[in-house]
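Residue-level listing of the chains:
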Amino acid sequence: MIRKARREDFDFFYSIKCEDDNLYWCGYRERPVRENLLAFWNKYIPNDKESTPDAIDEKGDDCPCGGMREIYIVEEENHAVGYLYIDYSEDAQAELSIGISNAESGNGYGTKAVKEAAAYLHTVKLSAAAYIREDNDKSQALFKRAGLVRTDEYREMMLPCGENHKLVKLYRWKSEYRP
């Protein structure tokens with residue numbers, strides 16, 4: 001279901017990042033500049049295919065921490081349906097972000113992917129967290145189905161809205177690592 005992203009996945013990743021829903025929920029007005037997104041992609045995706053395992057390491061031998069991001073492709077029957085970020089920090093948690101293609105949304109792929117990522121994080125003794133916009137009912141339902149719970153903690157984010165800006169809250173959702 002989840003595998004490490006490879007360089008050749010960029011066109012798929014770019015297409016999702018350009019979808020209207022993804023732009024809206026991420027707070028962007030315009031589609032990303034392809035060259036800028038490619039530079040971002042190349043920063044996180046190794047050039048050597050052999051150094052990039054196809055799936056999350058189920059054994060959890062290594063505990064990746066320290067401000068690192070990993071990008072995964074969400075697949076169903078070898079067909080890419082979305083992407084998932086895992087951002088590691090120093091505090092025994094990792095933050096998840098997910099985007100599912102509009103064409104594949106509503107089929108349960110996001111829930112499966114978040115469950116798989118949270119299970120992996122627990123094997124490396126980390127809890128999963130996500131910050132979800134207060135008005136994003138669809139993502140809130142996804143993370144709830146995946147076993148995360150909403151907390152009262154939030155971040156504020158300023159969104160561009162025409163000539164004005166809109167302040168929104170992003171509530172923290174979390175899973176608890178239990179040894």
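Residues numbered from 1 in each chain as written. Predicted model: local features only at pLDDT ≥ 70, side-chain atom pairs only at ≥ 80, totals over all residues. Heavy atoms only, no water.

**Student:** Please set out the environment of Tyr-24 residue by residue, giving values where relevant.
**Tutor:** By the secondary structure assignment, Tyr-24 is in helix H2 (residues 20-26). Beyond its immediate stretch of four places on either side in the chain, Tyr-24 contacts Arg-133 and Asp-135. (Helix = DSSP H or I, 4+ residues; strand = E, 2+ residues; numbered from the N terminus. Contact = heavy atoms within 4.5 Å.)

**Student:** Provide a residue-level description of the side chain of Arg-3, including the pertinent values.
**Tutor:** Structurally, Arg-3 is set in strand E1 (residues 2-4). Among the polar contacts listed, one links the side chain of Arg-3 to the side chain of Glu-75, at a separation of 2.9 Å. (Polar contact = N/O pair within 3.5 Å; in protein donor to acceptor, adjacent residues only side chain to side chain.)

**Student:** Please give an account of the environment of Ser-101 that cites residues and values.
**Tutor:** Residue position: Ser-101 is located in the loop between strand E4 (93-100) and helix H4 (109-123). Residue Ser-101 is classed as buried on the basis of its relative accessible area of 10%. As a C-alpha pair, Ser-101 and Phe-13 span 88 residues in sequence and 9.4 Å in three-dimensional space. Ignoring sequence-local partners within four residues, the contact set of Ser-101 consists of Ile-16, Glu-19, Val-81 and Gly-82. (Buried < 20%, exposed > 50% of the residue type's maximum accessible area, 1.4 Å probe, protein only.)

**Student:** Which residues make up the confidence of the model for the chain, and what values do they have?
**Tutor:** Residues at a pLDDT of 70 or more form 85% of the chain, whose mean pLDDT is 85. Counting contacts from residues 57-63, a segment whose pLDDT is below 50, to residues more than four positions away or on other chains yields eight contacts. (pLDDT = per-residue confidence, 0-100.)

**Student:** Provide a residue-level description of the packing of aromatic side chains, including the pertinent values.
**Tutor:** Using the criterion set out here, one finds eleven aromatic pairs in the structure. Between Phe-13 and Tyr-83, the aromatic rings sit 5.1 Å apart at their centres with planes inclined by 75°, giving edge-to-face as the arrangement. Of this pair, Phe-13 sits in helix H1 (residues 10-17) while Tyr-83 sits in strand E3 (residues 79-88), placing them 70 residues apart in sequence. Residues Phe-13 and Tyr-83 agree in their burial class; the two are buried. By the ring-pair criterion, three or more aromatic residues cluster together here, those being Phe-10, Phe-13, Tyr-14, Phe-40, Trp-41, Tyr-44, Tyr-83 and Tyr-85. It is Arg-34 that lies over the ring of Tyr-14; its NZ or CZ is 5.0 Å from the centre. Its guanidinium or amino end placed over the ring of Tyr-85, Arg-69 lies 4.1 Å from that ring's centre, counting from NZ or CZ. (Phe/Tyr/Trp six-rings, centres within 6.5 Å; stacked < 30°, edge-to-face > 60°. Lys NZ or Arg CZ within 6 Å of the ring centre and 35° of its normal.)

**Student:** Describe in detail the packing of H4 against helix H5 (residues 137-145), supporting the description with residues and values.
**Tutor:** Axis separation between H4 and H5 bottoms out at 8 Å; the angle between their running directions is 50°. Classed by the angle they form, the pair H4 and H5 counts as oblique. Of the two elements, H4 crosses H5, and the hand of that crossing is right-handed. Of the residues in H5, those touching H4 at Gly-110, Thr-111, Val-114 and Lys-115 are Leu-142, Phe-143 and Arg-145. Residue composition of the contact of H4 with H5, grouped by class: three nonpolar, two polar and two charged. (Axes fitted to C-alpha atoms, helices over the stretch in contact; angles between N-to-C directions. Parallel < 35°, antiparallel > 145°, perpendicular 65-115°, else oblique. Left-handed = near helix turned anticlockwise from the far one by under 90°. Nonpolar A, V, L, I, M, F, W, Y, C, P; charged D, E, K, R; others polar.)

**Student:** How would you summarise the side chain of Glu-95 if you had to cite specific residues and measurements?
**Tutor:** Among the structural elements, Glu-95 can be located in strand E4. Here Glu-95 falls in the buried class, since its relative accessible area comes to 18%. Polar side-chain contacts of Glu-95 include one of 3.1 Å to the side chain of Arg-155. Among residues more than four places away in sequence, those in contact with Glu-95 are Tyr-85, Ile-86, Asp-87, Ala-129, Ala-130, Tyr-131 and Arg-155.

**Student:** An account of the pairing of strand E5 (residues 127-133) is requested, with residue identities and associated values reported.
**Tutor:** Of all seven residues in E5, seven are buried; the element is thus mostly enclosed. Handedness of the crossover joining E4 and E5 through H4: right-handed. (Right-handed = clockwise from strand over helix to strand, strands pointing away.)

**Student:** Requested: an account of the nonpolar core, with residues and values cited.
**Tutor:** A general trend in soluble globular proteins is that nonpolar side chains are found buried together. Membership of the largest hydrophobic core comes to 28 residues, with the highest contact counts inside it found for Leu-84, Ile-86, Tyr-88, Leu-96, Val-114, Leu-121 and Phe-143. If you list the elements that add at least two residues to this core, you get strand E2 (69-76), E3, E4, H4, E5, H5 and strand E7 (164-174). One finds Ala-5, Ile-16, Cys-18 and Ile-73 within the second-largest nonpolar core, a separate group that totals 14 residues. (Core = buried A, V, L, I, M, F, W, Y, C linked by side-chain atoms within 4.5 Å.)

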